Every structure is written in structure tokens, then in C-alpha cells.
Amino acid sequence: MNNNLHIAIIMDGNGRWAQSQGLMRKSGHEKGAEVVRDITTFCSNSEIVSRLSLYAFSTENWKRPRLEVEFLMKLLDSWLKKELPIYIKNGVKLESIGDISRFSNSLQKTIRDVEEKTAHCTGLIQSLALNYGARDEITRALQKIQKQNIEVSESNITNALDCPQDIDLLIRTGGDRRLSNFMLWQASYAELFFSDTLWPDFNSRELATIIDKFLHVERRFGGLK
Ligand code: FPP
């Protein structure tokens, strides 16, 4: 059995969940952050998942109201600090993907600190997409290649990306059926699953059901049976 599965999740629906409960949008993000912990712990205990990529903040999310952006930044900072001992206990290595240089110096420091302190972990890799957009990632990869003066080939592009691993299973919660500029290169042969569940209501039981369905799909990668 493949024990090197890369699962990627577009976590959508925090705002609608909060609205449905009569709460402020920020409560949806707080509840969403708790679900991130549940799903990461589940994947770190799984024998078949090697990488979990999560879309936490996109290059387009800056268009949200300033207060919501500021809240998300603060939540990320406090959440990462709180999460560090749990990452270490579960052997989870944090690798941010995206261009974090637009974040405040203190948030960049928190992210780098957690990355350094989990660099020795050999279990699950959590790729947290922060100020991430696939077009931006591919553009930066091509710029690296140009600077290194090496051949523009599929393997050189893949290796120059923030995350070089192909996605096996890509899930989007919240009912929409689009990729929203998330890991477009890595998703070339991914199986796509769309769930109507709003992210704060998503849980490891639903993820286990999706993984089970995924394991029964025959993947041909463009070939024949
Ligand atoms: C989409 O919900 C979610 C996000 C903007 C990003 C995901 C953020 C979290 C899960 C919380 C923080 C994460 C970490 C790692 C601490 P939305 O606001 O677009 O929902 P809506 O479509 O219902 O408005």
C-alpha cells in the first residue's frame, strides 16, 4: 500500500458557519483552527499519509476587510505558538509554503521558529499555505530557474516549487467546486473531492470516509487499465 500519500485541503466555510450560529466571522476562524489540529493529529497517526497541505491564507485574502486580515494574522501567530509542543509530540514537521515576506516581522519570526524547532521531526509534514497562490509559486520557481541559469524542464520546475510533492487527494470543504489558485502544478493528477460540510464542522471521521473512497479509485495517470 502507498504510505506516501499527499492530502491537500482547501478549508472553506468558516464565515458561513459563524453566520449560521449567529456569531462573528472570527469565531468561525477560531473554530476552524481547532479543526486544523484534529485533522493534523489524525493524519500524523495515519500510516499512509506523509504530507498534509492546508490552504490557510491566500494571496487573494488580503482583499478582505482589514480587521479580518489582522485577526487571521493574530490567530495564526498565537495558534502556531500554542501548537509547537503538539507538533513535536506528534512528530509533525511544519513547512510553510507561499511568500511570507509580506507578513509582519514578528509573524515571520514565529513561523521560522516553529519550522526550525520541528525540522528534526520525521513524521507527517504539514505544508501550511501562507500568503500562497499557485501562480505566484510557479512564477517564483521560474525566476529561481532563470537566476540559476538551468534548463526549464518539468523536474527543475517541480524542484523549484515551495512544495515539490504531487498531491494524491485534494479536498475542498464548504460546497464550492473550484481550486482557487491552490497548488495547481501539484494537483495535476490529484483525485478531487468536494464536501458540502463547512470547515468548522469537518472532522477526522469525514476525512477517514473520503480517504476510504479515494483508496478504491483506480488511478491511471493518463495510461490504460
Ligand atoms: C475560509 O473560510 C477560510 C480561510 C480564510 C482560511 C482558513 C483559515 C482557518 C482554517 C483558520 C486559521 C488557520 C490556522 C492554521 C490557524 P471563509 O472565511 O472563506 O468562509 P466563507 O466562504 O464561509 O466566508
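The structure reproduced in this document is the subject of the present report.

The next point concerns the overall build of the protein chain. The helix and strand inventory of the protein chain stands at seven helices and six strands. Tracing the protein chain from N to C terminus, the helices and strands come up as β-α-α-β-α-β-α-β-α-α-β-β-α. For 225 residues, the compact-globule estimate of 2.2 N^0.38 gives 17 Å, and the C-alpha radius of gyration of the protein chain, at 17 Å, lies within 12% of that figure. Expressed along its principal axes, the backbone C-alpha trace of the protein chain runs to roughly 50 × 45 × 35 Å. A buried classification covers 49% of the 225 residues belonging to the protein chain. In the protein chain, 74% of the contacts between residues at least 6 apart in sequence involve partners at least 24 apart. Of the side-chain charges in the protein chain, 30 are positive and 29 negative, and the distance between the mean point of each set is 4 Å.

On the basis of which strands lie adjacent, the open sheet formed by six strands has the order 3-4-2-1-5-6 and parallel pairing. Each having just a single partner strand, strand 3 (93-97) and strand 6 (191-194) make up the two edges of the open sheet. The sheet shows a mean angle of 20° between the axes of neighbouring strands, taken without regard to direction. Inspection of the sheet shows strand 1 (residues 5-10) paired to strand 2 (residues 49-58) by six bridges, in the parallel sense. Bridge assignment links leucine 5 to a residue of strand 2, and that residue is valine 49. Those strands touched by helix 2 (residues 25-45) are strand 1, strand 2 and strand 4 (125-132), and its axis lies near 160° from that of strand 2. Against the sheet, helix 3 (residues 66-90) makes contact with strand 2, strand 3 and strand 4, and its axis sits at roughly 165° relative to strand 4, the strand it touches most.

What counts, and at which threshold
- Residues numbered from 1 in each chain as written.
- Predicted model: local features only at pLDDT ≥ 70, side-chain atom pairs only at ≥ 80, totals over all residues.
- Heavy atoms only, no water.
- Helix = DSSP H or I, 4+ residues; strand = E, 2+ residues; numbered from the N terminus.
- Rg over C-alpha atoms; globule rule 2.2 N^0.38 Å.
- Buried < 20%, exposed > 50% of the residue type's maximum accessible area, 1.4 Å probe, protein only.
- Contact = heavy atoms within 4.5 Å.
- Lys, Arg positive; Asp, Glu negative; His and termini not counted.
- Charge placed at Lys NZ, Arg CZ, Asp CG, Glu CD.
- Pairing = 2+ DSSP bridges.
- Axes fitted to C-alpha atoms, helices over the stretch in contact; angles between N-to-C directions.

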